[in-house]
Amino acid sequence: MKFDPRYFIALANRAGVDLTRIEKTKMRVSSHGKPVSELWWIVAKKHKRQLLKHLPDDEIKRLQCDLFDSAPWQ
């Protein structure tokens, strides 16, 4: 049986597990504070390369500060 990354992502979302891509080569598996089953981790690690192509980007934007900019509180 061939692995279908879109179907796996849809199944994970129905089960309450969110898969998101962080940067280009990292992936996050979360369930909003609830424990994630070991099975989701194993399959996600095994098929990581296929899943990264179809995962949405992480919505958290990292704030980058420059040491030479003036501080906003001054």
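Residues numbered from 1 in each chain as written. Predicted model: local features only at pLDDT ≥ 70, side-chain atom pairs only at ≥ 80, totals over all residues. Heavy atoms only, no water.

### A short note on the packing of aromatic side chains
Point 1. Considering all chains together, one arrives at two aromatic pairs under this definition.
Point 2. Relative to W40, the ring of F8 lies with its centre 5.4 Å away and its plane at 50 degrees, an arrangement referred to as tilted. Of this pair, F8 sits in helix 1 (residues 5–14) while W40 sits in helix 2 (residues 38–46), and the two are 32 residues apart along the sequence.
Point 3. Each member of the aromatic cluster is reached from another via a ring pair, and the members are F3, F8 and W40. (Phe/Tyr/Trp six-rings, centres within 6.5 Å; stacked < 30°, edge-to-face > 60°. Helix = DSSP H or I, 4+ residues; strand = E, 2+ residues; numbered from the N terminus.)

### Concerning the nonpolar core
Point 1. Within the largest apolar cluster, 13 residues are counted, with the highest numbers of intra-cluster contacts made by F8, L19, M27, L51 and L55.
Point 2. No other element matches helix 1, which puts three residues into this core. (Core = buried A, V, L, I, M, F, W, Y, C linked by side-chain atoms within 4.5 Å. Buried < 20%, exposed > 50% of the residue type's maximum accessible area, 1.4 Å probe, protein only.)

### Digging into the confidence of the model for the chain
Point 1. Per-residue confidence for the chain averages 79 on the pLDDT scale, and 77% of its residues sit at or above 70.
Point 2. The least confident element of the chain, judged by mean pLDDT, is strand 2 (residues 26–30) at 81; the most confident is helix 1 at 90. (pLDDT = per-residue confidence, 0-100.)

### A word on the pairing of strand 1 (residues 18–22)
Point 1. When you tally the buried positions in strand 1, you get four out of five residues, the bulk of the element.
Point 2. Examined bridge by bridge, strand 1 and strand 2 share five bridges and lie antiparallel to one another. If you follow R21 over to strand 2, its bridge partner there is M27.
Point 3. Between strand 1 and strand 2, which follow one another and run antiparallel, lie three residues, and E23 among them has a positive phi close to 60 degrees. (Pairing = 2+ DSSP bridges.)

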